[in-house]
Amino acid sequence: MRIKHHYFPYLIGILFSLNASAQSKEHSPVWPETKNVTKPWARWWWMGNAVDKPNLKSSLIEFQKVGIGGVEITPIYGVKGEEKNFIDYLSPKYMEMLGYTVKIADSLGMQVDMVLGTGWPYGGPQVTLPHAATKLVVEKYEVQKNEVFNKEIKVNPEKEKIPAQLLAVSAYGADGSYVDLTKQLNGNLLNWKASNTAYTIYAVFAGKTGQQVKRAAPGGKGYTLDHYSEEALNAYVVPFDKALTGLEGKLRAIFNDSYEVYGTDFTPHFLDEFAKRRGYDLKKYLPQLLSKEDSEIGNRVKSDYRETISDLLLNKFDVPWTKWANAKHFKTKLQAHGSPGNLIDLYASADIPECETFGSMPYDIPGFRREIEDIRDGDADPVMLKFSSSAAHIAGKPLTSSETFTWLRDHFKTALSQCKPEVEDLLLNGINHVFLHGSTYSPKKAEWPGWKFYASVNFNANNSIWEDAPGLFSYIANCQSLLQAGKPDNGTLLYYPIYDTWGKSLEGNLFFQFKIHSLNEWLHGTPFYETTEKLMEKGYGVDFISDSFIAQAAVKDGLLVLPGNSYKALVIPNCDKMPLATLEKLIALKKAGASIIFEGLPKSVPGLYNYEAQNEKMAHLIASNKMLLDPVSDVFKALTEANEKPETLVDTGLKFIRRDVNGEKIYYLVNHTSKTIEGFIPLAVANKEVLILDPLTRKVGNAKVQKNGITTMVKVRIESGKSLFLKTENKASEKLWKYFVPKTVPIALKGEWNLTFEKGGPTLPAPVKLDKLESWTKISPEAEAFSGTATYTLLFDRPTVSAKIWQLNLGDVRESAKVWLNGKYIGPAWSVPFSIELGKLKRKNNELKIQVTNLSANRVRDMEMKGKEWKIFYEINMVDKDYNKFDATKWGPMPSGLKGPVSLTPLEENK
């Protein structure tokens with residue numbers, strides 16, 4: 001019977017699921033149960049909201065089959081030609097589609113998150129001008145001595161197209177005097193005489209940025225919301241209060257994307273909020289606030305301004321937003337980066353803090369490809385990633401999520417193998433709830449490559465990588481099932497001195513955002529960053545802490561106790577400014593028995609209010625507690641004295657993260673070096689048995705260990721590009737782990753390969769016979785244009801070397817593979833190194849079948865070279881990784897298929 005091509009992915013999916021299921025049953029006592037939250041989720045773009053029930057159902061079934069645990073719905077701009085199918089956001093029809101999605105997802109064991117709006121950031125048609133994103137507008141007037149100022153105060157209409165609200169008028173004399181003229185206004189008219197000296201009048205307006213929602217969907221266009229106003233937030237959620245009735249507790253979480261509210265540095269109630277929070281009238285210091293000069297008074301006022309913006313974002317938006325969602329039995333998921341505030345506190349305000357990666361990072365793994373023409377440099381700095389996970393750890397939030405793989409490569413050029421080390425770095429830095437970025441809803445009727453969002457890998461059935469994506473998703477799920485277990489086990493806290501950034505001139509920029517894409521402006525090169533790197537390189541597990549969480553800390557049995565976890569030590573890096581209350585609390589904690597380690601002492605309090613008196617008090621406090629606060633010259637020695645031991649396994653080059661499950665430790669170890677790491681490595685726990693778990697294959701076994709009173713030495717063998725989990729236990733629970741090593745050098749497999757193109761397009765090339773492996777793009781024009789799956793078959797005899805276990809090495813695979821031996825499915829090979837254990841071989845006529853899937857790039861290139869248009873989307877339509885017009889005709893053909901060399905390695909057990 002001939003199987004139609006569109007059924008083949010379904011059958012392969014069943015085959016993969018059965019294989020994974022068999023492994024799961026074999027090792028079910030060890031591996032935690034895989035739940036929807038342990039699987040990767042996907043951001044799901046609804047273009048124009050042009051969705052229908054049959055396609056929603058089939059899409060969700062496809063997600064579930066490949067191992068995706070949930071979706072996060074983001075409505076965006078539509079597809080040209082589909083206007084009649086657009087559905088207005090929050091309309092009855094839209095809510096019907098949303099409710100149906102939730103129902104089908106639930107029936108599949110999946111869950112649904114949603115954005116509270118369309119596109120990003122929050123905003124829409126319900127946002128009126130009073131509640132729209134606001135900016136500070138100041139008009140200045142010069143008035144000479146004894147001159148009468150009699151005119152209407154208004155903004156320049158050429159500069160401000162939207163009317164601005166006049167809030168305050170102040171005059172600043174050449175002799176240093178200050179006059180508040182606000183109460184002398186008659187409407188916007190001021191009639192006032194400048195007596196005694198010349199004055200500069202400052203008029204403060206609440207202007208509007210005019211920013212509209214980016215990438216808005218039908219029914220979602222409108223002004224961006226004022227993110228510093230609870231009044232604005234309360235008005236914004238009114239339509240959702242009505243629309244979401246009946247979905248309480250059925251949606252999993254409400255999502256808020258990274259802070260891309262541009263130029264919004266003010267809110268109508270800012271002056272009153274500032275006076276209440278900072279203790280003085282900001283209007284008296286407007287010249288210093290707005291000056292670009294680097295002066296002490298000016299910088300202190302700017303610091304207070306920036307702290308107030310942070311306070312308002314946190315307490316007038318993020319906290320009440322979570323409270324609103326929780327009242328409806330929804331969780332919240334927040335990307336705080338980019339915000340003009342303390343990232344730790346902002347991340348912690350949500351139930352699930354979320355970071356993101358953007359671009360591509362380099363790795364030393366042999367065979368790992370990172371072609372410069374296909375990438376944009378990434379900014380997945382481990383220190384930056386830890387802001388989100390630290391917030392989760394100290395606040396007691398069990399999940400930290402990530403927007404993952406954004407612009408990992410250019411469109412249609414991302415391989416599964418390139419995803420693996422990137423996601424591993426996220427997991428190593430505390431992320432345990434991965435969101436793919438992402439997948440675009442595309443109906444069956446859409447011609448290939450279907451509907452596509454402009455900045456995504458596009459994890460869906462239209463992309464050829466979908467064929468072997470279950471391997472990546474299974475790996476992530478296996479890792480997350482262990483990294484969501486128990487609790488985080490970082491033992492060292494590091495204080496984040498945000499006032500050192502807030503208190504700087506910042507090149508005259510008043511409004512400052514902590515952006516993930518500009519770390520050199522606020523993170524790189526700081527003592528905080530250097531201390532973090534120093535601690536991590538030595539093997540210390542580190543979480544960051546803010547002033548507000550220090551205020552919540554207590555001491556119990558010598559440990560620092562926070563809402564989410566306990567720590568052995570708190571390190572204070574060199575910093576210039578620290579609130580007096582923070583220093584007082586640190587002294588109190590240290591007196592109570594906590595290990596507080598100072599690398600340096602603050603020189604000043606931040607801000608302007610009463611700062612000279614506060615500085616005197618700080619100096620007296622430091623002098624009277626000199627022995628207690630004496631800075632250390634060796635932070636590592638101080639940590640040892642605090643009984644905080646590093647994991648010296650990092651000296652091998654391994655990366656790690658550790659968790660605690662009822663007193664036992666789980667280690668996730670990853671080898672991103674260029675060499676195999678093997679031998680005994682130390683764990684900073686004493687006298688333990690250790691279980692090895694392979695998240696790629698789900699194999700388990702007890703390790704060989706050497707016990708002593710300080711550490712447990714564990715034998716491992718981790719090839720470059722691979723990973724293992726270690727789990728401590730008091731008594732060995734499994735059979736001994738088998739350590740296989742090469743018995744000889746690899747033995748090349750030679751012979752005639754039969755290559756058959758199985759599925760894909762634009763057409764299936766004719767079968768060919770090959771005596772040498774090379775890119776199939778060299779075979780014919782049809783093969784050069786082809787994207788999809790082909791099968792290589794080879795008959796071979798067993799080499800004369802004696803071995804019970806053989807390893808198949810596929811060499812250069814473009815881009816992923818599945819392997820069968822003598823009719824038996826062995827498994828997938830989708831990541832570097834492309835190798836897999838075959839088991840035993842027959843003496844004669846072994847049949848090796850390797851099914852290889854390439855990327856979709858060559859087919860897209862062929863389409864565009866033939867003038868076939870697929871980029872039919874509104875708004876930004878389609879751009880490349882550098883945000884230039886997308887043009888695949890500039891590409892060369894991407895090497896595809898099995899390039900080899902293919903070889904066999906006889907393995908023997910290293911006892």
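See the structure shown above.
Residues numbered from 1 in each chain as written. Predicted model: local features only at pLDDT ≥ 70, side-chain atom pairs only at ≥ 80, totals over all residues. Heavy atoms only, no water.

## Focus: the overall build of the chain
The following threshold applies: Counting from the N terminus, the helices are the DSSP runs of H or I reaching at least four residues and the strands are the DSSP runs of E reaching at least two. Burial classes follow relative accessibility: with a 1.4 Å probe on protein chains only, a residue under 20% of its type's maximum area counts as buried, one over 50% as exposed, and anything between as partly exposed. Residue contacts are counted whenever heavy atoms from the two residues lie within 4.5 Å of one another. For the area figures, the Shrake-Rupley method with a 1.4 Å probe applies, and any residue is considered shielded solely by the protein chains shown. Only four residue types enter the charge count: Lys and Arg as positive, Asp and Glu as negative, with His and the chain ends excluded. Think of each charge as sitting on NZ of Lys, CZ of Arg, CG of Asp or CD of Glu.
Looking only at helices and strands, the chain has 20 helices and 46 strands in total. With respect to the three principal axes, the spread of C-alpha positions in the chain is 110 × 70 × 50 Å. Looking at the chain as a whole, 61% of its 911 residues qualify as buried. Taking all contacts inside the chain whose residues are at least 6 apart in sequence as the whole, residues at least 24 apart take part in 80%. As displayed, the chain offers around 35700 Å² of accessible surface, 50% of which is attributable to carbon and sulfur atoms. Computing the positive centroid from 113 side-chain charges and the negative centroid from 105, the chain places the two 6 Å apart.

## Considering the packing of aromatic side chains
Our working definition: By convention, a stacked pair of Phe, Tyr or Trp rings (six-membered ring in the case of Trp) has centres within 6.5 Å and planes under 30 degrees apart, an edge-to-face pair has planes over 60 apart, and any other such pair is tilted.
Enumeration over the complete set of coordinates arrives at 54 aromatic pairs. Note on Phe63 and Trp466: the rings are 6.1 Å apart at their centroids and 65° apart in plane angle, and the pair reads as edge-to-face. Note that Phe63 is positioned in helix α2 (residues 53–66) and Trp466 in the loop between β17 (433–440) and α12 (469–483), a separation of 403 residues in sequence. We note that Phe63, like Trp466, is buried.

## Focus on the side chain of Lys283
Mapped onto the elements of the fold, Lys283 is located in the loop between α6 (270–278) and α7 (286–290). The residues contacting Lys283, other than those within four sequence positions of it, are Ala168, Ser170, Tyr172, Tyr178, Asp180, Thr182 and Leu271.

## Topic: the sheet that holds strand β25 (residues 596–598)
Rule in force here: Two strands make a pair as long as DSSP finds a minimum of two bridges between them. Under this scheme, a helix contributes an axis fitted over its contacting stretch, all axes are lines through C-alpha atoms, and angles between N-to-C directions fall in the 0 to 180 degree range.
Pairing within the open sheet is parallel, and its four strands lie in the order β20-β19-β24-β25. One side of each edge strand has no neighbouring strand; the edge strands of this open sheet are β20 (542–545) and β25. For this sheet the average axis-to-axis angle between neighbouring strands, irrespective of direction, equals 30°. Bridge count between strand β19 (residues 492–495) and strand β24 (residues 569–572): three bridges; the pairing is parallel. Each bridged residue has a counterpart across the sheet, and for Leu494 the counterpart in β24 is Val571. Its contacts with the sheet place helix α14 (residues 527–537) against β19, β20 and β24, and it is angled at close to 165° to β19.

## Section: unusual backbone geometry
Backbone torsion omega between Gly761 and Pro762 reads 10°, so that peptide bond is classified as cis. Summarising the element assignment, Pro762 is placed in the loop between β36 (753–761) and β37 (768–770). Cis geometry is found at the peptide bond from Gly900 to Pro901, where omega equals -5°. Position of Pro901 relative to the elements: it lies in the loop between β45 (897–900) and β46 (903–909). A positive phi is found at Phe405, a non-glycine position, where the angle reads about 80°. For Phe405, the position within the fold is in strand β16 (residues 401–406). In this structure, Asn662 takes a positive phi of about 55° despite not being glycine. With respect to the element layout, Asn662 can be found in the loop between β26 (655–661) and β27 (664–670). Judged by its relative accessible area of 79%, Asn662 is exposed.

## A few points about the pairing of β24
For the record, the criterion: For a crossover, the right-handed case is the one in which the path from the first strand over the helix to the second runs clockwise, viewed with the strands pointing away from the viewer.
With burial as the criterion, each face of β24 is covered, one bearing Ala569 and Val571 and the other bearing Leu570 and Ile572. As paired elements, β24 and β25 share three bridges and run parallel to each other. Each residue of the ladder has a partner; that of Val571, found in β25, is Ile597. One crossover worth recording links β24 to the parallel β25 by way of helix α16 (residues 580–591), and it is right-handed.

## Examining helix α3 (residues 92–107)
This is how it is decided: Here a helix's expected span is defined as the number of its residues, less one, multiplied by 1.5 Å.
Helix length check: α3 (16 residues) gives 23 Å between terminal C-alpha atoms against 22 Å at 1.5 Å per residue, within 8%. Every buried residue of α3 is accounted for by Tyr94, Met95, Met97, Leu98, Tyr100, Thr101, Val102, Ile104 and Ala105. Next to the buried residues of α3 lie β1 (41–47), α2, β2 (70–76), β3 (111–115) and α5 (238–243). One or two steps after α3, the chain reaches Gly109, where phi turns positive at roughly 75°.

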